[in-house]
Amino acid sequence: MQVLITHGHVGQTRMFRFNRWQLAGGVIGIVVLLMLLSGTVYHLVFLKAAREGWPVVSQIVKLVVRDEVAQRERFMRENLDAMARRVGEMQAKMIKLEAVSERVSGMAGVKPEELQQLMTKPAAAAGGGKGGPFVPAASPSMDQLMGWVGSLDEQADQSTDLYTMIESRLLEKRLLSLMIPNSRPVEGPIGSGFGFRADPFSGRAALHTGLDFPADTGTTIRAAAGGVVLSTDMHPQYGHMVELDHGRGLVTRYAHTSKVVVRPGDIVKRGQQIALVGTSGRSTGPHLHFEVLVDGVPQNPSKFLALADGDVSIPLGKSGRHGGERSASAGR
């Protein structure tokens, strides 16, 4: 770039040459100079005018500053109002959540005293139930909002603890239900029930300590509940027999089988195949003799098979193995 400067009196002309970098540097220098100049004018003129109260300039400065402050306050107030509405919605949801948690905790078997330990603020119980959306009477301050948020955070922690306990209780109930022999080991009708009957060999009255499931030889026998294989003995009365330990003194016995497909110590699941129907031992024909024992005492298996899922109201024993003697006439 070339710049020509001509002096009128002497007629002399001067020529200046600038490349692109020199031109860019010059433009930047001019911009910086203008910025410094404007800043200096602002600080020396407008601020001084605002402090000293100059007639015209001070009024302009005050209007500008007042407008900026008003905009800032309006923005903050709108945000506070929006946050207050959001906090109100969260409080309403927490109230609903508390009502749901009380119902669910009752279903899970959480005792009231255990629930009371978690609730550090039992205000909801005083004066009857309370609820509804939160509508503040006036725009809240930042301190009020922070207090509400802190309260909601505390309630959320309490609800988390409560639902953790409920989840634990429900899981415990589910595990207990999996260990209760309430599944039929063999599909089909029951041939002979629990109680006194005429002995099929002697004809005399004798106690039948289980249920008989007539079935063809080779029919699958399934575990009535999850457990550990306790024994797979050959007994003169029961024949080929499987015993499953379900914990808390609860044992199931599967007798007269033709073949056993599990070994002592195996862990089996509910419905898993453990043996095949047969007529071994003291038996008049192919069937499964199914027993339930609690601490070695025979129980009526029909009570267990009639249980609904998860109902563990039948009292169980404490030991892990049964201690009773096997009845000589039970396995017919």
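Structure's up top.
Residues numbered from 1 in each chain as written. Predicted model: local features only at pLDDT ≥ 70, side-chain atom pairs only at ≥ 80, totals over all residues. Heavy atoms only, no water.

Participant: Whenever I open this one, the overall build of the protein chain confuses me. Can you help?
Facilitator: On a plain count of helices and strands, the protein chain comes out with five helices and 14 strands. Within the protein chain, buried positions represent 30% of all 332 residues. Once local pairs closer than 6 in sequence are excluded, the contacts in the protein chain between residues at least 24 apart make up 67%. Accessible area for the protein chain stands at about 20700 Å²; split by element, carbon and sulfur atoms hold 60% of it. (Helix = DSSP H or I, 4+ residues; strand = E, 2+ residues; numbered from the N terminus. Buried < 20%, exposed > 50% of the residue type's maximum accessible area, 1.4 Å probe, protein only. Contact = heavy atoms within 4.5 Å. Areas by Shrake-Rupley, 256 points an atom, 1.4 Å probe, with all protein chains shown as cover.)

Participant: Just checking my understanding: could you explain the pattern of salt bridges for this structure?
Facilitator: Opposite charge on two side chains permits them to pair, given that their charged atoms come into close proximity. The tally for this structure, following the rule as stated, stands at four salt bridges. Taking the shortest distance from any N to any O, the salt bridge between R197 and D212 comes out at 3.5 Å. Here R197, found in strand β3 (residues 195-198), pairs with D212, found in strand β5 (residues 211-214); they are 15 residues apart in sequence, far enough to count as distant. Residue R197 is classed as buried on the basis of its relative accessible area, which comes to 19%. A relative accessible area of 6% means that D212 is categorised as buried. The partner of D199 in a salt bridge is R282, and the shortest N-O contact between them spans 3.3 Å. Of this pair, D199 sits in the loop between β3 and β4 (205-208) while R282 sits in the loop between β12 (273-277) and β13 (287-294), placing them 83 residues apart in sequence. Assessed through its relative accessible area of 5%, D199 is described here as buried. Salt bridges sharing partners connect three or more residues here, namely E243, R253 and E291. (Salt bridge = Lys/Arg side-chain N within 4 Å of Asp/Glu carboxyl O.)

Any functional reading would require information that these geometric values do not contain.
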